[in-house]
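# What the coordinates show
The residues making up each chain are set out below.
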Amino acid sequence: MQLYIDTANIEEIRSAAAMGVLDGVTTNPSLIAKEGVDFIDRMNEICDIVSGPVSAEVVATEHDAMIEEAMPLTEIAPNIVIKLPSTVDGLKACRTLSDQNIRTNLTLCFQPLQALLVAKAGAFLVSPFLGRLDDLGQDGMELIQQIRTIYDNYGYDTKILAASIRHPLHLVQCAMIGADVATVPFKVIQQMMNHPLTDRGLEQFLADWASRNAPATAGAH
Ligand code: E4P
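Parameters at a glance
Residues numbered from 1 in each chain as written. Predicted model: local features only at pLDDT ≥ 70, side-chain atom pairs only at ≥ 80, totals over all residues. Heavy atoms only, no water. Pairing = 2+ DSSP bridges. Helix = DSSP H or I, 4+ residues; strand = E, 2+ residues; numbered from the N terminus. Axes fitted to C-alpha atoms, helices over the stretch in contact; angles between N-to-C directions. Near = heavy atom within 4 Å. Areas by Shrake-Rupley, 256 points an atom, 1.4 Å probe, with all protein chains shown as cover. 1 Å grid on protein atoms, 1.4 Å probe; cavity = no way out; pocket = protein on both sides within 12 Å on 5 of 7 lines; lining within 4 Å. Sits in = over half its atoms within 2 Å of the grid points. Nonpolar A, V, L, I, M, F, W, Y, C, P; charged D, E, K, R; others polar. Contact = heavy atoms within 4.5 Å. Salt bridge = Lys/Arg side-chain N within 4 Å of Asp/Glu carboxyl O. Buried < 20%, exposed > 50% of the residue type's maximum accessible area, 1.4 Å probe, protein only. Points joined across faces, edges and corners; volume = space filled by probe spheres on them. Parallel < 35°, antiparallel > 145°, perpendicular 65-115°, else oblique. Phe/Tyr/Trp six-rings, centres within 6.5 Å; stacked < 30°, edge-to-face > 60°. Lys NZ or Arg CZ within 6 Å of the ring centre and 35° of its normal.

## Quick notes on the sheet that holds strand β1 (residues 2-6)
- Strand order in the closed barrel formed by eight strands is β1-β2-β3-β4-β5-β6-β7-β8, with parallel pairing between adjacent strands. Looking at each pair of strands side by side, their axes are set apart by 30 degrees on average, direction ignored.
- Looking at chain direction, strand β4 (residues 80-85) and strand β5 (residues 104-109) are connected through four bridges and run parallel. Across the sheet, Ile-82 pairs through a bridge with Thr-104, a residue of β5.

## A word on the site of the ligand
- Surrounding the ligand, one finds Asp-6, Thr-26, Asn-28, Lys-83, Phe-129, Arg-132, Ala-163, Ser-164 and Arg-166.
- Relative to its unbound accessible surface of 340 Å², the ligand loses 85% to contact with the protein.
- When atoms are counted within 2 Å of each cavity's grid points, the one that captures over half of the ligand is the largest pocket.
- Its residues assigned to classes, the shell around the ligand comprises two nonpolar, three polar and four charged.

## Details of the environment of Leu-106
- Within the secondary structure layout, Leu-106 lies in strand β5.
- For Leu-106 and Glu-57, which are 49 residues apart along the polypeptide, the C-alpha to C-alpha distance reads 9.5 Å.
- In contact with Leu-106, not counting residues within four places along its chain, are Leu-84, Pro-85, Ser-86, Gly-90, Cys-94, Val-118, Ala-123, Leu-125, Val-126 and Ser-127.

## Focus: the pattern of salt bridges
- All told, the structure shown has seven salt bridges when counted by the stated rule.
- For the salt bridge of Arg-42 with Glu-35, the shortest nitrogen-to-oxygen distance reads 3.7 Å.
- Across the salt bridge formed by Asp-180 and Arg-148, the nearest N and O atoms sit 3.2 Å from each other. Here Arg-148 lies in helix α8 (residues 140-154) and Asp-180 lies in the loop between α9 (168-177) and β8 (181-184), a separation of 32 residues in the sequence.
- Classification of Asp-180 by relative accessible area gives partly exposed; the value is 25%.
- A relative accessible area of 11% means that Arg-148 is categorised as buried.
- Within the structure, one salt-bridge network assembled from shared partners comprises Glu-35, Arg-42 and Glu-45.

## So, the layout of surface pockets
- Taken as a whole, the largest pocket encloses approximately 410 Å³ of empty space.
- In terms of lining residues, the largest pocket is bounded by 25 residues, among which Asp-6, Asn-28, Leu-31, Ser-164 and Pro-185 are the most central.
- Among the elements of the structure, α2 (29-35) and α10 (186-192) are those that each provide at least two residues to the lining of the largest pocket.
- The leading source of residues in the lining of the largest pocket is α2, at four residues.
- Looking at the lining of the largest pocket residue by residue, the class counts come to eight nonpolar, nine polar and eight charged.

## Comments concerning the packing of helix α1 (residues 10-18) against helix α3 (residues 39-49)
- Where α1 contacts α3, the two axes come as close as 10 Å, and the packing angle between them is 10 degrees. Of the possible angle classes, the one that applies to α1 and α3 is roughly parallel. Of α3, the residues touching α1 (which contributes Ile-10, Ile-13, Arg-14 and Ala-17) are Arg-42, Glu-45, Ile-46 and Ile-49.
- Taken together, the residues of the contact of α1 with α3 break down into five nonpolar, no polar and three charged.

## Details of the packing of aromatic side chains
- The tally for this structure, following the rule as stated, stands at three aromatic pairs.
- Taking the centre distance of 5.6 Å and the plane angle of 65 degrees together, the rings of Phe-110 and Phe-129 count as edge-to-face. Of this pair, Phe-110 sits in the loop between β5 and α6 (112-120) while Phe-129 sits in the loop between β6 (125-128) and α7 (130-135), and the two are 19 residues apart along the sequence.
- Between Tyr-154 and Tyr-156 the ring centres are 6.2 Å apart and the planes differ by 45 degrees, which places this aromatic pair in the tilted class.
- Members of the aromatic cluster, each reached through a chain of ring pairs, are Tyr-151, Tyr-154 and Tyr-156.
- The positively charged end of Arg-103 is found above the aromatic ring belonging to Phe-124, 4.7 Å away from the centroid.
- In this structure, Arg-212 packs its charged tip against the face of Trp-209, placed 4.3 Å from the ring centre.

This is the structure in structure tokens:
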């Protein structure tokens, strides 16, 4: 499973990239707004750090305006992926961009039929939002399973990018189901390598090592 970081924070992206396991980045308008920075400048900075897919989201809601907004974003770097909402206009924009070999990420996917249509429109990525479904008492993971089955049934190439990940268990379940990618907040990426038994075991190993008997010195009397 590929691992993207879901943030527009440069320090978080640098730290995750330094771990050597980062495959890409997703941003959204809320994450950019939280940073209080210029959108284009920040996307340039991110693309200087990460060579894998970097999603930049349009805020237009109608096809022509989406395309107009997307084209300059594609100039930022070859690894920019245009993020579009899973609406009818987003679907049409997805088709227009796919026909020009521009990669897209169809976001805000909450039901399997949205995922079916965006795959037919040539989306590179579809982003089902697990956590936001869980928040409503629905099973977000069931959506991932449904999309996996549909894509496998028909051989669609669109990659399932599990989004709105809230905790490590989401990631375990996504990996078991076979999501292609998960986009994960930095806090959860850090949690992925944590286990109290690892910390306790390491502490014990180091303590035992420090207290070991000094080896007998050859030739000592
Ligand atoms: C994905 O591309 C979105 O940016 C993100 O995963 C949304 O997560 P949230 O529901 O925690 O805001």
